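Structure at a glance
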Amino acid sequence: MTIQLLDNVMSPEVGAQKGPAGPPPGMGAAPPGRGMPPPGQGGPPPSRGGPPQGFGAPPPPSSAMAKRLDTLDKKTVYLVDTGFGGSYQFMLQLQKWFKENMPSVTTIRKRKPGNVFMDDNNELWEEVKVKGNAVVLGVAG
Amino acid sequence: MAAVAAGSRKLEGTYSIPVAPVSTYQFKSVADENQGTTKQNIPFIYTPHPVIGLSPEALDKYIVGNDPDTGKPVIDEIIDVLTKPIKEKKVAAGAPVAVKTAPTELFLKPDTEDNLQRLFYERGWTDGLPIILPTEERVKKMLAGTSASPDEVVAESFKFDTREMVKYTVSNIAVIAVMAGAKPEYFPVILALAATRQSSLMPSTTPFEAMVLVNGPIRNEIGMNCGIGAFSAVNMANSVIGRAWTLMSIAHGFAKPRQTLWSSQGNNHTYNNMCCAENEERSVWEPFHVTKGFKAEESVVSIFRGWTFVNSTGAASNRSVTEELNIELSVMPPLNSSATIIMDPLVARNLKENEGFKTKLDFCKHLSKNIKMKNGQFWKTDYIDMLVASAAYNGVEPYASWKKLPDDALIAPYHIPENINIIVVGGETSPLWKCADYGYSGSAPVDKWRAHPAGAECKDSECGLPDAPGEYDK
C-alpha cells in the first residue's frame, strides 16, 4: 500500500537564478575560507563555480577561416600534440606516414605549450606563422 | 577538446594558418558544442576512440582507416582540410544566446510516495538511492537549522551543458539537505559545503573522488563519528552530510552522462565522499583546520580531491611507517607534491612520542625528504605528463631539472611538505592508516551558517544532540 502525500513536494531545481554563459561580476575568485590553497598549489584542480577557461567565454572577434593551401607539396606542416594522453604517439605515427608517403612535406612535431586543457599562449603559433604553412592539432579526447 | 577548438579558432582567425583539428569520435558532441557562434566552421576530423594507450601499429591503422563520422580515410581528410576550401557557417545576427533549461514548477503535483520517488529518480535528481521527499514542511524545518535568509545566495555554479551560471540560495540547499536525510542541525555544515562552490563530481573521463573533513566543535554537537569505524556506513551525520554534497552536485547538473558526467567507470566514493570528522580529542597534533589558519574553536569543513586511495593492511611491524608509505605512495606519483594521509590516533601518538615528530609538518618534512621514486616512473604517469610536463618545458623547478635526469634516477617527488595533508581519524583498535593522492581543495567556515552562535543552547533542546550517545567514541 502506497502512502498518499498530503503536502506539496518541492523540486530541487527550482528557485535557482539562471543567467547567460560567462562568469558574472565577481566570479572566478576563490571560494570563501582562509584555508584556500594559493594558486598553483595543491593537487588536482578543484571544480569551482565559474566556468573553466575555454568554456563559456566568447570566441575571439575574428570569424575568418584561413585561406587553404594549394598543395602540401614542399610545405611545412606542424604536427602539434596537445599533451593529452596518446597525442604524442599519434603525431609520431602521422609524421612517419608523411615521410613514407609524402616525403616532399616537411613535418615538425611540437607539443603545445601551456595547459593541456586550454589554448593559453601564442608562443608556438608565432613560430608556426614564421616557419610553417599549416597545422595538424590534436588529439582531443 | 577546448584546447583544440580554441587553438584552431585562433590559428585560423588570427594567424591565418590552416588547421586540421583531430579528435576522437567519442567527443564529437563536445566538439560540436565548441564550434562557437562565429562563422568559423572548425572542421574536426575524428579517429576511433581511444587514442591513448594504443600501439604504434594500431595508430597507423587509425591514420589510414576511416573517420567514423564521415566514412572517409582520416589521412585523406587531414590533407583535404588543409588544401580545400572550408564552408563558413551561417550564423544569425546579434549576440549569442545561451541555451536555457526549461523552467520547472516549484511545487510538484501531490502524488503517492512511490510515484514521487520514481519521479525524482527519473528526472535525474537522486544518487539512485531513495530520498526523503522534500515537502514544504520538511524544507521549512530544515531552514530553521540556520539563521541565514532563505533567499541568501550560497553558491554559484556553471552548467556545462547549458552554458548557464546558476545561483543557489539557502532554500535550494535546504531542499537538497532534506532529500539527503539531514537533520536541521547538520544544515550549517551542508551550507558550508555548498559555499565552497565545488562539485563532488568532476566533468572528467577519469574517476575523480573527493573527501569531506569536518573540524571544530560542531563535529560533536551533531554526532559525527571520528572514532571507530569513522569511514564505515554506520553514522547518520557522516553519511548524510557527505551524501548531500553529491546530491547538490547532481542538482547543479554534474551528473548528466556524456554531457557533464564523463567518468568512464565512475567512482562510488562519491556516494558520501568519505565524509568524516577529525578525532581532535585523541590526536597528539593540532587539528587540520588549525594548520590552515583557523582557530581551534571554529567549525570548518575542508575538501580534498584526487583519484587514488590506499588502505594500509599492515601496521608497520616489519618496516617503519615511512618505509610503508614509500611503498604505498609509489603507486601514485604526486601532482604538485600532494598527498593526504589519514592515520589512526595510535599512529600519530607513536610518531610523536617515540619517533620525535612534534608536529604534523615535522612528519611531512620527513616524508618529503625520504620518499623517493624513479624519475621514469614519475614522468611516464599519464596525468604527470599531461599536467606537469609543460611546467618542466617552461623551466619551472624542480620539474625542469628532473626532466633532464635518466629514468632510473631517484627523485623526491613530494618536494613541498606543506602539500602533504595529515589527518587523524580512528578508534585506536589498530595502528593503521590510509593514504591518497588527494590534494587539498579548500575550506569553508561553518559557524556563519549556524542557527545560533557556536556553543549556545538550543531553546527546544533538539539542536546539537549527538546520535545515540555512547554508541561511538566521544
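Because the structure is a prediction, the values reported are computed rather than measured. (Residues numbered from 1 in each chain as written. Chains lettered and ligands numbered in written order. Predicted model: local features only at pLDDT ≥ 70, side-chain atom pairs only at ≥ 80, totals over all residues.)

Quick word on the overall build of chain A
The helix and strand tally for chain A stands at 2 helices and 5 strands. Walking chain A from its N terminus toward its C terminus, one meets helices and strands in the order β-β-β-α-β-α-β. Every one of the 141 residues in chain A was classed for burial, and the buried ones make up 39%. The long-range fraction of contacts in chain A, counting pairs at least 24 apart against all pairs at least 6 apart in sequence, stands at 71%. (Helix = DSSP H or I, 4+ residues; strand = E, 2+ residues; numbered from the N terminus. Buried ≥ 20, exposed ≤ 12 C-beta atoms within 10 Å, placed from the backbone. Contact = placed C-beta atoms within 7 Å.)

Considerations on unusual backbone geometry
Geometrically, the link from A:Gly138 to A:Val139 is a cis peptide bond, its omega value of 0 degrees lying close to zero. Relative to the helices and strands, A:Val139 is located in strand 5 (residues 134-140). Going from B:Glu397 to B:Pro398, the amide bond is cis rather than trans, its omega being 5 degrees. Notably, B:Ser16 is not glycine yet its phi reads approximately 55 degrees, a positive angle. Mapping B:Ser16 onto the fold places it in the loop between helix 1 (2-13) and strand 1 (19-24). Phi is positive for B:Arg258, close to 65 degrees, though the residue is something other than glycine. Looking at B:Arg258, the number of C-beta atoms within 10 Å reads 11, which means it is exposed.

Points about the pairing of strand 10 (residues 339-343) of chain B
Residues and elements named next belong to chain B. The buried count for strand 10 comes to 5 of 5 residues, which makes it a mostly enclosed element. Burial along strand 10 is two-sided: Ala 339, Ile 341 and Met 343 facing one way and Thr 340 and Ile 342 facing the other are all buried. In this sheet, strand 13 (residues 420-424) lies alongside strand 10 in parallel orientation, the contact comprising 5 bridges. Residue pairing in the sheet places Thr 340 in a bridge with Asn 421 of strand 13. Note that strand 10 and strand 14 (residues 433-436) share 4 bridges and pair antiparallel. Across the sheet, Thr 340 pairs through a bridge with Ala 436, a residue of strand 14. (Pairing = 2+ DSSP bridges.)

Considering the packing of helix 1 (residues 87-101) of chain A against helix 3 (residues 56-64) of chain B
Between helix 1 of chain A and helix 3 of chain B, the shortest axis-to-axis distance is 9 Å and the interhelical angle comes to 65 degrees. Taken as a pair, helix 1 of chain A and helix 3 of chain B cross one another with a handedness that is right-handed. Of the residues in helix 3 of chain B, those touching helix 1 of chain A at A:Gln89, A:Phe90, A:Gln93, A:Leu94 and A:Trp97 are B:Pro56, B:Leu59, B:Asp60 and B:Ile63. Among the residues making up the contact of helix 1 of chain A with helix 3 of chain B, the classes are represented as 6 nonpolar, 2 polar and 1 charged. (Axes fitted to C-alpha atoms, helices over the stretch in contact; angles between N-to-C directions. Left-handed = near helix turned anticlockwise from the far one by under 90°. Nonpolar A, V, L, I, M, F, W, Y, C, P; charged D, E, K, R; others polar.)

With respect to the nonpolar core
Among the nonpolar cores identified, the biggest contains 102 residues, and B:Ile173, B:Ala177, B:Ala182, B:Ile190, B:Leu191, B:Val212 and B:Ala244 are the most heavily contacted of them. When residues no more than four places from it in sequence are discounted, the contact partners of B:Ala177 are B:Met142, B:Ala182, B:Tyr186, B:Phe187, B:Ile190 and B:Ala244. Counting residues in each nonpolar core, the second largest holds 48 residues, with A:Ala66, A:Val80, A:Met91 and B:Val30 among its members. (Core = buried A, V, L, I, M, F, W, Y, C linked by C-beta atoms within 7 Å.)

Observations concerning the sheet that holds strand 2 (residues 45-47) of chain B
Reading across the sheet, the 5 strands line up as 4(A)-3(A)-5(A)-1(B)-2(B) and stay open at both edges, with parallel pairing between neighbours. The open sheet has two edge strands, strand 4 (106-111) of chain A together with strand 2 of chain B, and neither has a second partner. Taken over all neighbouring pairs, the strand axes of this sheet differ in orientation by 20 degrees on average, direction set aside. Bridging between strand 3 (residues 76-81) of chain A and strand 4 of chain A involves 6 bridges; their strand directions are parallel. In the sheet register, A:Asp81 faces strand 4 of chain A, and the bridge partner there is A:Arg111.

Here's the deal with the environment of B:Ala277
All names here are of chain B. Along the polypeptide, Ala 277 turns up in strand 7 (residues 276-277). You can call Ala 277 buried: it has 30 C-beta atoms within 10 Å. In this structure, the C-alpha to C-alpha distance between Ala 277 and Gly 65, residues 212 residues apart in sequence, is 54 Å. Leaving out residues up to four positions away in the same chain, Ala 277 has contacts with Val 214, Arg 219, Met 224, Asn 225 and Cys 226.

Notes on the environment of B:Gly439
Here B:Gly439 lies in strand 15 (residues 439-445). Given 25 C-beta atoms within 10 Å, B:Gly439 falls into the buried group.

Description of the sheet that holds strand 6 (residues 209-215) of chain B
With mixed pairing, 4 strands are arranged side by side in an open sheet as 7-6-8-15 (chain B). Only two strands of the sheet have a single partner each, and these edge strands are strand 7 and strand 15 of chain B.

Observations concerning the confidence of the model for chain B
Summarising the model, chain B shows a mean pLDDT of 90, and 91% of its residues fall at 70 or more. Counting contacts from residues 458-467 of chain B, a segment whose pLDDT is below 50, to residues more than four positions away or on other chains yields 13 contacts. (pLDDT = per-residue confidence, 0-100.)

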